[in-house]
Amino acid sequence: MASTIVTFELGGREVEVMVKPMTTLQSVLRNQLGFTATKEGCRQGGCGSCTVLVNGEPMMSCLLPVEDVAGQRVTTLESITPAEGLHPLQRAFLDANAFQCGYCTPGMVMISKALLDHDPAPSDDDIRQALTGNICRCTGYRPIVRAVQAAAEAMSDDAGEQAR
Amino acid sequence: MTVKSYFLPRSLPEALRLLQLHGPELLVMAGGTVAMPLINEGISLPEAVMGLRLAGLDRLDRTDGTLRIGATATLTQMLDQDAVPMLREAARNTASWSIRNMGTVGGNLFTPPPGGDVAVALLALDASVTLAGARGERVLPLGDFFTGFMTNELAADELLVEIQVPIRSEPTAYMKFGRKHANTPAVVTVAVRIEWHEDRVADARIALGAVGPYPIRARQAERLLVGTGLDADAIAAAAVAATQGCEPFTDGIATDWYRRKMVSLFVGRALEQLAPGAGAEGR
Amino acid sequence: MSSHLNVVGQSVRRSDGIGHVTGRTQYSADRSFPGMLHLKMVRSPLHHALIKGIDLSDAERVPGFVRALTAKDVPHNRYTILSLIGVEPEEEFVLAEDRVRFKGEAIVAIVAETEAAAFEAVSKVHLDLEELPAVFDVEEALKPGAPIVTHWGNNTFMYEGHPCRRVRFGDVDKAFEQADYIVEGVYNTSPIEQAPMETTGCIAVPEANGRYIVYTNTQALYFSLDNTSIILQIPGNRLHFIGGTVGGGFGGKVDVIVEPIATLAAILTNRPVRFTYSRSEEMQVSSTRSAWRIYMKDGVMKDGRIVARKVTSYADSGAYSRQTPYALTKHAANAAGPYNIPNVSIDAYCVYTNRQPSSAMRGFGITMASFALEVQMDKIAERVGVDPWTIRFINAYRNGDMKPHRKLAEDATLIETMQAAATLVGHELPDEFKAMTSAPRDASHDGGRE
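Residues numbered from 1 in each chain as written. Chains lettered and ligands numbered in written order. Predicted model: local features only at pLDDT ≥ 70, side-chain atom pairs only at ≥ 80, totals over all residues.

Visitor: Could you clarify how one ought to interpret the domain arrangement of chain A in this entry?
Guide: Often, the extent of an interface is quoted as the loss of accessible area on bringing the components together. Residues and elements named next belong to chain A. As assigned here, chain A comprises domain 1 (4-79) and domain 2 (88-163). A separation of 22 Å is found between the C-alpha centroids of domain 1 and domain 2. Each partner contributes to the interface: domain 1 provides 15 residues, whereas domain 2 provides twelve residues. Among the elements that make up the side of domain 1 that touches domain 2, the one with the highest residue count is strand β3 (residues 51-54) (three residues). (Domains from an automatic or database assignment. Contact = placed C-beta atoms within 7 Å. Helix = DSSP H or I, 4+ residues; strand = E, 2+ residues; numbered from the N terminus.)

Now the structure itself:
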């Protein structure tokens, strides 16, 4: 079968890619669109470094043929990085030194984004549960959990201020 | 990675047509959590693949005391339902959030041990499976579905389309023991369901995962429990008997020796959860 | 904290932090180049075998196949990473020649237009292998008649003509005779994969001026550059290595594995070539922390003083030595531990087996010594009938003590560290231990031994 054209929404804009059958979303993002924040740690669904959101739900882009997300909404780390400054999660990861080599960070931020979208005030245990599929070999996880807590607090403060 | 055709049928009839057209060489994929890693590594080199994610087989229906689970319902859907608590517990203990959003209940039946834990719960729940082919549908008890390591009753022209689980009120226990607290392959998985008649065990199901080529029942242990009050002696005897018929294996997670030990330990613990006086979860 | 210190005591933002949280940090595999080719390895399915033949004919017919590289394409195929610091002999092969020594050893490099084509071509290379007996245990490998892994006739790395790294200090045999107790132990450790999140990889790009830029995630940029220069027999000034951004290493990225062959492929095709390990390769082919077996025998007096320690250690180097000989040297220097023991004998063997090569990982050589000897210290305490704190305080080394490998202790802090640890865990130490210091023995009056 020849290549096909797949259209999906990426960070609020429509993208159209021509792909060989069963090219992964990860490969399309990294190799065709140059969106390399989505990492490639194992391509087995085992590390979480390629976590993206599909219609707001976290998925491993290495296990996802791009044809499966045709017409759907994909969110990557690039999509949530504001034009100026940082997303509260990015700010919190930076402030908490929630990384060392940085390779797991994009996936960690994306799964944390999904968590806070579902539950703006997660408990410590909720955070740990949400992050179980995302491996970090450097930090030992504690600063990451602290960063997610800090981001949740910062976002709820922001929300409070906007409500006033 | 050398895939020449990738089909995404939008309905069951279309999927069955494609299966008939392309024959057994067509790799059928649901959530992709088992097939994609092999393809990504160049270990599996299929020429034609059919993905079922958009085939409309992911519905959950609760009718006539039965939970009908579409084969491509995700593990997240199991976590979100409340008809069968054991399935929620099994999903909660399987993989991670992202993988539960992708992996399917049907796919779990094709996941080689030590994966495939949800199937262990389904076996204890007396689930049955519907297989659909060009000549129609047939329903099998799940216990008759597995025939060997990664082999089963599914004919080359059939698809697994639905899993039926009787909704019952009996207490159940599900324990998955791994090397980590979460997102871990099993050392052993134990799923237990006890049917009571007054204060005696009328029937029992003890299903085990990761100790054989597919999820198995500890039938000798089940028999020993019938007629007892699930007292300490009965539990101890069943825990020992549960290793009969097990064929534990050695892998990167555990040795066969250790798995066998853990079968007894965790069958005992699961039964203790269900014993009279074990608290709210008991009876 | 003193006001003139700008960094000590301050929380300093990392210079690469913004790049990490935005995903803009460029790791080696985040780059791509027009016309970039993909390299994949044909690897040995057997632990030990003779290579009788390699049939490339089916692989060459795969659409997108560009070329295959075998041992004869590599200018200086046999190398040893540490030859840069005088370690010999050259013993590892960029691509296997007549024999494979571990399951996963590289035999043929396939270069193709796409990763998919490379995978397919790899699957179509037919190897004619004659399986040989294999050995997987360090002590089995040293028995007469064991399969020989190396090309020089025995299974040990040779240290200046000796089959092990040796330390001799005092007279252990005499001290054992005088000791009140003999305490013995055997300790085994498993191989551990460093498992960096980013797998090992590089991209080699030909430049118009005849140089090659190599974007690599190595932890040891000049090891990689210099060894590539030796293996390819081209001057170092034709190699421009760009590194520094490493997605986790932990010792797993100090071996020179991907750069020489990727650069050679770039030279032979005159196109950019990417060679990145799959996760399976990272786990099953790349080197690990080695497996160790350590025998310890201590002579101890009734008062708890250790008067003699004999250590025989075996590190499983796997099929090639890489950084393991160095691990044994470090091990031999540290196997007596931070204790003042007047009679010490250490034999530390770097043993070749048909397992995946082992190499560097976080304190390699020392970590295993610490594990063994600290468990041994607890056993000694139990035998003598004192608590684990006491046995360590009374044997702790001090500044000015001569260590068994003839280095004077100058930075001893064991006593102070244990005192701080006791405070942190709420353990009340006897006054005599509270008063101890690591100051030289002749300057202290705490009853330490002469």
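Visitor: Help me understand the packing of helix α10 (residues 366-384) of chain C against helix α11 (residues 388-395) of chain C, please; the structure alone is not making it clear to me.
Guide: Each pair of packed helices gets described by two things: the angle between the helix axes and the distance between those axes. All names here are of chain C. Here α10 crosses α11 at 105°, and the two axes come no closer than 8 Å. Here α11 runs roughly perpendicular to α10, going by the angle between their axes. Within the contact between the two elements, α10 uses Met377, Asp378, Ile380, Ala381 and Val384 and α11 uses Pro388, Thr390, Ile391 and Arg392. A breakdown of the residues in the contact of α10 with α11 according to their chemical character gives six nonpolar, one polar and two charged. (Axes fitted to C-alpha atoms, helices over the stretch in contact; angles between N-to-C directions. Parallel < 35°, antiparallel > 145°, perpendicular 65-115°, else oblique. Nonpolar A, V, L, I, M, F, W, Y, C, P; charged D, E, K, R; others polar.)

Visitor: I tried to follow helix α10 (residues 232-241) of chain B on my own but got confused; where do I start?
Guide: Working note: α-helix, 3.6 residues per turn, so residues spaced by three or four point in the same direction. Residue and element names in this part refer to chain B. Along α10, the residues classified as buried are Ile235, Ala238, Ala239 and Ala241. Relative to the axis of α10, the buried residues are bounded by an arc of 165° and lie together on one face. In α10, the exposed residues that point more than 90 degrees away from the buried face are Ala232 and Asp233. (Buried ≥ 20, exposed ≤ 12 C-beta atoms within 10 Å, placed from the backbone. Arc of directions from axis to C-beta.)

Visitor: What am I meant to see in the interface of chain B and chain A here?
Guide: Contact residues are listed per partner, giving 22 residues for chain B and 23 residues for chain A. Counting residues per element, the ones that place at least two in the side of chain B that touches chain A are β1 (5-7), α2 (35-40), β3 (48-51) and α5 (97-100) of chain B. Of the residues belonging to the side of chain B that touches chain A, the class tally is eleven nonpolar, nine polar and two charged.

Visitor: Which parts of the structure should I look at to understand the sheet that holds β1(B)?
Guide: As a general point, the strands of a sheet are linked pairwise by backbone hydrogen bonds and lie either parallel or antiparallel. All names here are of chain B. Taken in spatial order, the three strands make up an open sheet running β1-β3-β2, and their pairing is parallel. This sheet does not close on itself; its edge strands, each paired only once, are β1 and β2 (27-29). Neighbour-to-neighbour, the strand axes of the sheet open up by a mean angle of 20°, direction not taken into account. Looking at chain direction, β1 and β3 are connected through three bridges and run parallel. Paired with Phe7 across the bridge in β3 is Met50. (Pairing = 2+ DSSP bridges.)

Visitor: Which parts of the structure should I look at to understand the packing of helix α3 (residues 88-95) of chain A against helix α4 (residues 105-118) of chain A?
Guide: Residues and elements named next belong to chain A. Interaxial distance between α3 and α4 falls to 10 Å at its minimum, and their mutual angle equals 130°. Taken as axis vectors, α3 and α4 run oblique relative to one another. Seen from above, α3 lies across α4 with right-handed handedness. Between α3 and α4, the contacting residues are Leu89, Gln90 and Phe93 on the first element and Thr105, Val109, Ser112 and Lys113 on the second. Along the lines of polarity and charge, the residues of the contact of α3 with α4 split into three nonpolar, three polar and one charged. (Left-handed = near helix turned anticlockwise from the far one by under 90°.)

Visitor: Help me understand the interface of chain A and chain C, please; the structure alone is not making it clear to me.
Guide: Listed by partner, the interface residues are 29 residues for chain A and 22 residues for chain C. Of all the secondary structure elements, the ones that give two or more residues to the side of chain A that touches chain C are α2 (77-80), α3 and α4 of chain A. Classifying every residue of the side of chain A that touches chain C by side-chain character gives 15 nonpolar, ten polar and four charged.

Visitor: Sorry, what's going on with the nonpolar core here?
Guide: Nonpolar side chains in soluble globular proteins tend to end up buried together. Among the nonpolar cores identified, the biggest contains 150 residues, and Ala121(B), Leu208(B) and Val267(B) are the most heavily contacted of them. Those residues within four positions of Leu208(B) in sequence are excluded, and the remaining contacts are Val120(B), Val188(B), Thr189(B), Val190(B), Pro215(B), Ile216(B), Ala218(B), Ala242(B), Cys246(B) and Val263(B). Ranked by size, the runner-up nonpolar core spans 118 residues in total, among them Ala96(C), Ile203(C), Phe250(C) and Phe364(C). (Core = buried A, V, L, I, M, F, W, Y, C linked by C-beta atoms within 7 Å.)

Visitor: In this structure, what is going on with helix α7 (residues 259-269) of chain C? I would like to understand it.
Guide: Counting buried positions over the eleven residues of α7(C) gives eight, a clear majority of the element. Every buried residue of α7(C) is listed here: Glu259(C), Pro260(C), Ile261(C), Ala262(C), Thr263(C), Leu264(C), Ala265(C) and Ala266(C).

Visitor: Mind showing me how you'd approach unusual backbone geometry here?
Guide: Negative phi is the rule for most residues except glycine; trans is the rule for most peptide bonds. A cis geometry characterises the amide bond from Pro113(B) onward to Pro114(B), with omega recorded as 15°. Structurally, Pro114(B) is set in the loop between α6 (105-108) and α7 (117-124). Each neighbour pair has its own omega, and for Glu88(C) with Pro89(C) the value is 5°, a cis peptide bond. You can see Pro89(C) is positioned in the loop between β4 (78-79) and β5 (92-93). One non-glycine residue, Ala95(B), adopts positive backbone phi at about 55°. Along the chain, the position of Ala95(B) falls in the loop between α4 (85-92) and α5. Here Ala95(B) falls in the buried class, since 25 other C-beta atoms lie within 10 Å of it. Notably, Gln233(C) is not glycine yet its phi reads approximately 55°, a positive angle. Note on placement: Gln233(C) falls in the loop between α6 (221-232) and β13 (239-242).

Visitor: I keep staring at the domain arrangement of chain C and nothing clicks. Help me out?
Guide: Residue and element names in this part refer to chain C. Each domain of chain C was delimited in the assignment, giving domain 1 (28-132 + 194-284) and domain 2 (165-192 + 288-443). A C-alpha centroid distance of 39 Å is found between domain 1 and domain 2. Domain 1 puts 18 residues into the contact, and the matching count from domain 2 is 17 residues. Of the residues assigned to the side of domain 1 that touches domain 2, the class counts are six nonpolar, seven polar and five charged.

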